[in-house]
Every structure is written in structure tokens, then in C-alpha cells.
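Notes for the structure review
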Amino acid sequence: MNTPTPPPGRSLLPVRDPRAGDVVLDYAGMHALVADLVLPADASMYVMSAMETSRELIRHSYYRYEFATVAVAHSLFALEHVLAERLATTEPLHLLIERACDAGLITAGLAAELDRSRLLRDKLTQGCESSAALRPIRAVTMLRAVFDAVSLLLHPPATAEATAADVDGAQPGRGLARLWEDHLRALFPDGFRGVGFDGVDLVLLDADVAGLVQKELKGGLDDSGIACLWSCIADLDKIIPLINEEYCTSYFTKLRTMARVAAAPHMPTTI
């Protein structure tokens with residue numbers, strides 16, 4: 001299908017792609033179609049960006065049908081990155097999927113669905129398929145498999161239980177140390193340097209929490225440090241609901257979790 005070129009100097013609003021007419025009644029229906037594609041809370045900024053872009057491509061396939069196929073291909077960037085990191089190897093995607101299945105990290109059924117996405121990507125690369133290969137409904141199913149796999153790889157059941165035990169205070173020292181290591185690997189959200197919400201500068205808040213957590217790990221906070229940490233937690237509680245970007249929200253939610261674990265042994269003296 002050839003998309004007509006807008007006349008020079010004239011801006012046109014997007015219109016529904018007629019090939020998407022049998023998918024949903026209107027654009028609002030696309031929101032429900034992707035509602036269960038939830039980004040994992042502690043993925044890296046790279047993975048979050050690739051997955052969020054893939055989900056939005058599905059949503060906007062209402063206007064350009066080909067976006068549905070592109071969404072599935074694009075999501076494999078995130079999958080391959082997480083697989084390579086989890087398995088500590090840089091092999092072709094089909095071997096990474098096999099290894100993850102053999103290791104019990106993903107089910108055989110999920111591995112088969114992921115490999116179908118990988119085969120589609122290869123056919124697109126070879127020119128054997130076009131970008132209109134998938135209907136949006138089918139693309140959502142294939143994309144859901146990627147989201148499920150990434151979530152499983154980032155949150156193996158045993159690891160998730162251990163994390164919950166640490167955060168609940170069963171082993172607070174080890175839990176805080178691990179949260180600190182994770183924080184050191186996380187990238188500060190792009191585009192949010194110099195940004196503030198409700199009078200709270202995000203960079204300064206991040207630095208304050210990091211400094212206080214370091215002090216707690218190295219020997220414990222004094223009364224002044226405890227008060228500052230609880231004040232930071234109050235600021236985090238205030239600004240997180242105001243952030244409208246998913247990776248940034250995830251970053252500061254994890255920062256709040258780390259701050260709360262550090263503060264758990266102490267009662268605030270003042271806020």
C-alpha cells in the first residue's frame with residue numbers, strides 16, 4: 001500500500017490505515033490491545049526503551065499497518081540483550097533461546113514462540129517477508145511472548161523470593177548491598193538532568209540518596225543522616241507519581257526501595 005504524500009506546506013492529521021479496520025473500532029481500542037504488555041520494573045534503560053517502543057508501534061499500527069511487524073522485530077533487541085546478559089554469552093539469538101530453554105529459564109512453548117519471532121526477523125532481513133507480514137492481533141501475541149520472557153529472565157522465581165525476603169528485612173544488610181550494586185549499574189534517565197518536580201531536583205535527590213546509602217553501608221548513619229534519608233524518602237514519595245516516563249519512574253521507584261531498606265533499621269528523628 002502506498003501512503004499518499006501530503007501536499008507541500010500542508011500538515012495532515014494521521015488517518016486510520018484501512019487494513020486495521022477489522023482490528024478495533026477506533027484508536028482508543030488500541031490501548032486495550034496492548035494494556036497487558038507491562039514493562040519489567042527493573043530492566044535497564046536500553047531494554048525498557050526497546051520494549052516501550054515496540055509496544056507503542058503496535059498501538060500506532062492503527063495508523064500504519066506495517067508498524068505491527070516492525071514492533072515484533074524491534075522487541076528482539078531487548079530480548080537478545082537480556083538473554084546475552086543472563087547467560088553471560090554473546091551467541092546468535094537462536095542459540096541463546098535454546099540455551100535459556102535448556103537451562104529452564106523459559107518454557108519450551110515460550111521458546112518456540114520466541115523463535116517464530118526470530119525467524120520472522122531473519123526473513124525481513126533477507127527480503128523474504130515484507131513489513132506487512134503480521135496482523136496487529138498476531139503481533140501482540142508474539143510481542144507478549146517477548147515481554148513474558150524478559151520478565152522471567154529478569155525475575156527467576158527463586159530470585160524473586162530471595163529479593164522479597166531481603167526487602168522485608170530478613171537479611172537487610174545483604175539486601176541493601178545488592179540494591180546498591182544494582183543502582184551503580186543503572187543509568188540515570190536520559191533527558192531528566194536538570195529536571196525537577198514540585199521543587200525537587202532529580203539529580204540532587206539521586207545524589208543525596210546515593211551518598212546516604214553509602215554511609216549506611218560503610219558503618220551506619222548518624223542522627224543527621226537518618227533525618228536526611230527520611231526527608232529524601234518523603235521527596236521520592238512526592239515526585240514519583242508526577243513522573244510521566246516509564247524508565248524514569250522505574251529508576252526512582254527502585255531508588256525509593258533502596259532508601260527504604262537503608263532507613264528500615266532507623267526511626268526518623270525529624271522530616
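So, a few notes on the structure that sits alongside this text. Worth saying up front: this structure is predicted, and the values here are computed from it rather than measured.

1. Here we look at the environment of Leu95
- With respect to the secondary-structure elements, Leu95 resides in helix α4 (residues 93-102).
- A residue is classified by how much of its surface remains accessible, and Leu95, at 28% relative accessible area, is partly exposed.
- Spatially, the C-alpha atom of Leu95 lies 9.9 Å from that of Asp115, the residues being 20 residues apart in sequence.

2. Here we look at the pattern of salt bridges
- Applying the stated criterion across every chain, the model contains 18 salt bridges.
- Note that Arg260 and Asp237 form a salt bridge whose closest N and O atoms lie 3.0 Å from each other. Highlighted residues: Arg260 in helix α11 (residues 246-263) and Asp237 in helix α10 (residues 223-239), separated in sequence by 23 residues.
- Arg260 sits in the partly exposed class, given a relative accessible area of 39%.
- According to the relative accessible area criterion, Asp237 is partly exposed, its value standing at 32%.

3. Some thoughts on the environment of Tyr46
- Turning to its location among the elements, Tyr46 is positioned in helix α2 (residues 45-60).
- With 32 residues separating them in the primary sequence, Tyr46 and Ala78 have C-alpha atoms 7.4 Å apart.
- Setting aside chain neighbours within four positions, we find Tyr46 in contact with Phe77 and His81.

4. A few points about the packing of helix α3 (residues 67-87) against α4
- Where α3 contacts α4, the axes come no closer than 10 Å and their chain directions differ by 55°. When the axis of α3 is compared with that of α4, the two are oblique. The crossing of α3 and α4 is left-handed. Only Leu93, Leu96, Ile97, Arg99 and Ala100 of α4 make contact with α3, whose side of the interface consists of Leu76, Leu79, Glu80, Leu83, Ala84 and Leu87.

5. Examining the state of the cysteines
- Within this structure, the stated rule accounts for zero disulfides.
- Lacking any disulfide linkage, Cys232 is separated from the closest cysteine sulfur, that of Cys228, by 6.8 Å.
- Residue Cys232 is classed as buried on the basis of its relative accessible area, which comes to 6%.

6. Considerations on the packing of aromatic side chains
- Within the structure shown, the criterion is met by seven aromatic pairs.
- Consider the rings of Phe188 and Phe252, whose centres lie 5.9 Å apart with planes at 85°: the pair is edge-to-face. With a gap of 64 residues between them, Phe188 in the loop between α8 (172-185) and β1 (196-197) and Phe252 in helix α11 connect regions that are remote in the sequence.
- By relative accessible area, which is 9% here, Phe188 ends up buried.
- Each member of the aromatic cluster is reached from another via a ring pair, and the members are Phe188, Tyr247, Tyr251 and Phe252.

7. Here we look at the packing of helix α5 (residues 108-126) against helix α6 (residues 136-154)
- Between α5 and α6, whose axes approach to 9 Å, the crossing angle comes to 120°. Viewed along their axes, α5 and α6 adopt a mutual orientation that is oblique. In the packing of α5 onto α6, the handedness of the crossing is left-handed. Within the contact between the two elements, α5 uses Leu110, Glu113, Leu114, Arg116, Ser117 and Leu120 and α6 uses Arg138, Thr141, Met142, Ala145, Val146, Asp148, Ala149 and Leu152.
- The residue inventory of the contact of α5 with α6, partitioned by class, reads eight nonpolar, two polar and four charged.

Conventions adopted
- Residues numbered from 1 in each chain as written.
- Predicted model: local features only at pLDDT ≥ 70, side-chain atom pairs only at ≥ 80, totals over all residues.
- Heavy atoms only, no water.
- Helix = DSSP H or I, 4+ residues; strand = E, 2+ residues; numbered from the N terminus.
- Buried < 20%, exposed > 50% of the residue type's maximum accessible area, 1.4 Å probe, protein only.
- Salt bridge = Lys/Arg side-chain N within 4 Å of Asp/Glu carboxyl O.
- Contact = heavy atoms within 4.5 Å.
- Axes fitted to C-alpha atoms, helices over the stretch in contact; angles between N-to-C directions.
- Parallel < 35°, antiparallel > 145°, perpendicular 65-115°, else oblique.
- Left-handed = near helix turned anticlockwise from the far one by under 90°.
- Disulfide = S-S within 2.5 Å.
- Phe/Tyr/Trp six-rings, centres within 6.5 Å; stacked < 30°, edge-to-face > 60°.
- Nonpolar A, V, L, I, M, F, W, Y, C, P; charged D, E, K, R; others polar.

So yeah, pure geometry; function would need other evidence.
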